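# Examination of the molecular architecture
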Amino acid sequence: MAKLYFYYASMNAGKSTTLLQADFNYRERGMRTLLFTAGVHDRGGKGVIDSRLGISATAIAFGGSTDLRQIAQDAHLEAPLACVLVDEAQFLSAAQVRQLAALCDEDDIPVLAYGLRTDFQGKLFAGSAELLALADSLVEIKSVCECGRKATMNLRVDAFGKAVRQGEQKQIGGNERYVALCRRHFMQRTGG
Ligand SMILES: [Zn+2]
């Protein structure tokens, strides 16, 4: 039975690197994969998954109306897919996460989804909430706060390094805009 995996992390924990490594492992063994990433992700251009270590891969950019299951089913008909990998999975809608669950359960294609758990206000993203609820396997990709504790929160900062408390959830981009912190230091910087 295929499984739905959710690899969750804070910013800059190496999610994309981990995804690209998993993709490489499949393809090295001659298996076919399908990659998705969010259209709003602009670090490496639309439809590209790039990691800070310098490796990248092209991917299908999903938006709010993208039917990921249909696209994967069509690709699977052309040639069998061993796995579907989704980067920036926090931006999936709840309905799209359910498409991915159906892809596992009804089409028997494993799905590996990678995303942030919470936004800059410490709230769950819609896609992450649904993945936390539905995934067969939850895997935390760990990173470290400046104090040495595990970083679980994402502080948004302005050009002067000052905490930003209000704004759009989906504003995401260069590494300099976010600092991964432990909960204690996130609370201190944002005023709780
Ligand atoms: Zn800390």
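Reading the values: rules and limits
- Residues numbered from 1 in each chain as written.
- Predicted model: local features only at pLDDT ≥ 70, side-chain atom pairs only at ≥ 80, totals over all residues.
- Heavy atoms only, no water.
- UniProt positions renumbered as here; feature names shortened; annotations may be inferred.
- Helix = DSSP H or I, 4+ residues; strand = E, 2+ residues; numbered from the N terminus.
- Polar contact = N/O pair within 3.5 Å; in protein donor to acceptor, adjacent residues only side chain to side chain.
- Donors = N, O, S within 2.8 Å, 3.2 Å for Na, K, Ca; no water.
- Tetrahedral: all angles 85-135°; square planar, octahedral: opposite > 155°, others 65-115°.
- Buried < 20%, exposed > 50% of the residue type's maximum accessible area, 1.4 Å probe, protein only.
- Phe/Tyr/Trp six-rings, centres within 6.5 Å; stacked < 30°, edge-to-face > 60°.
- Lys NZ or Arg CZ within 6 Å of the ring centre and 35° of its normal.
- Salt bridge = Lys/Arg side-chain N within 4 Å of Asp/Glu carboxyl O.
- Arc of directions from axis to C-beta.
- Contact = heavy atoms within 4.5 Å.
- Pairing = 2+ DSSP bridges.
- Axes fitted to C-alpha atoms, helices over the stretch in contact; angles between N-to-C directions.

Those places that UniProt annotates as "active site" (unreviewed entry) correspond, in this numbering, to Glu-88. Along the chain, the position of Glu-88 falls in the loop between β6 (83–86) and α3 (94–105). Engagement of the side chain of Glu-88 in a polar contact is seen with the side chain of Gln-90, the distance being 2.8 Å.

Once that is clear, we can look at the coordination of the zinc ion. Octahedral six-donor coordination of a metal ideally yields angles of 90 or 180 degrees, compared with 109.5 degrees for tetrahedral four-donor coordination. Donor atoms from the polypeptide that coordinate the zinc ion comprise Cys-145 (SG), Cys-147 (SG), Cys-182 (SG) and His-185 (ND1), at 2.0 to 2.3 Å from the metal. Of note is the zinc ion, whose four donor atoms meet at the metal with angles of 98 to 119 degrees in an arrangement that counts as tetrahedral. Here the donor residues of the zinc ion are spaced in sequence according to C-x1-C-x34-C-x2-H. One end of the pair, Cys-147, is in the loop between β8 (137–140) and β9 (153–156); the other, Cys-182, is in the loop between β10 (178–181) and α5 (183–190), and 35 residues separate them in sequence. Overall, Cys-182 belongs to the buried group, its relative accessible area being 2%.

This paragraph deals with the packing of aromatic side chains. Counted under the stated rule, the structure contains four aromatic pairs. When the centroid spacing of 6.4 Å and the interplanar angle of 25 degrees are considered together, the rings of Tyr-5 and Tyr-7 count as stacked. Put simply, the rings of Tyr-5, Tyr-7 and Tyr-114 touch in pairs and so form one group of aromatic residues. The ring of Tyr-26 is capped by Arg-29, whose NZ or CZ atom sits 5.9 Å from the centre of that ring. Looking at Arg-156, its charged tip hangs above the ring of Phe-120, at a distance of 3.7 Å from the centre.

By the definition in use, this model includes five salt bridges. Here Glu-78 makes a salt bridge to Arg-32, at a shortest N to O gap of 3.8 Å. Pair noted here: Glu-78 is in helix α2 (residues 68–78) and Arg-32 is in the loop between α1 (15–28) and β2 (33–38), with a separation of 46 residues, a long-range link. On the basis of relative accessible area, Arg-32 is assigned to the partly exposed category, the value being 30%. The salt bridge partner of Glu-140 is Lys-150, with a shortest N-O separation of 2.8 Å. One end of the pair, Glu-140, is in strand β8; the other, Lys-150, is in the loop between β8 and β9, with 10 residues separating them in the sequence.

So, on to α5. Of all the positions in α5, only His-185, Phe-186 and Thr-190 are classed as buried. Projection of α5 onto a plane perpendicular to its axis shows the buried side chains occupying an angular sector of 125 degrees, all on one side. Buried residues along α5 sit against β9 and β10. Downstream of α5 by a residue or two, Gly-191 has a phi angle that is positive, lying close to 75 degrees.

Our focus in this paragraph is the UniProt feature "binding site: ATP" (unreviewed entry) in the protein chain. The positions that UniProt labels "binding site: ATP" (unreviewed entry) are, in the present scheme, Ala-9, Ser-10, Met-11, Asn-12, Ala-13, Gly-14, Lys-15, Ser-16, Asp-87, Glu-88, Ala-89 and Gln-90. As for its placement among the helices and strands, Asn-12 is situated in the loop between β1 (4–9) and α1. A relative accessible area of 26% means that Asn-12 is categorised as partly exposed. Residue classification places Glu-88 among the buried positions, given a relative accessible area of 6%.

Attention shifts here to the sheet that holds strand β7 (residues 111–116). Spatially, six strands are ordered β5-β2-β6-β7-β1-β8 in an open sheet, and the strand pairing comes out parallel. Sheet topology places β5 (60–62) and β8 at the edges, where each strand pairs with a single neighbour. In this sheet, adjacent strand axes meet at a mean angle of 20 degrees when their direction is disregarded. The pairing of β2 with β5 spans three bridges and is classified as parallel. Residue Thr-37 lies in a different strand from β5, and its bridge partner there is Ala-61. Packed onto the sheet, α1 meets β1, β2, β6 and β7 and runs at close to 165 degrees relative to β7. Against the sheet, α2 makes contact with β2, β5 and β6, and its axis sits at roughly 155 degrees relative to β2, the strand it touches most.

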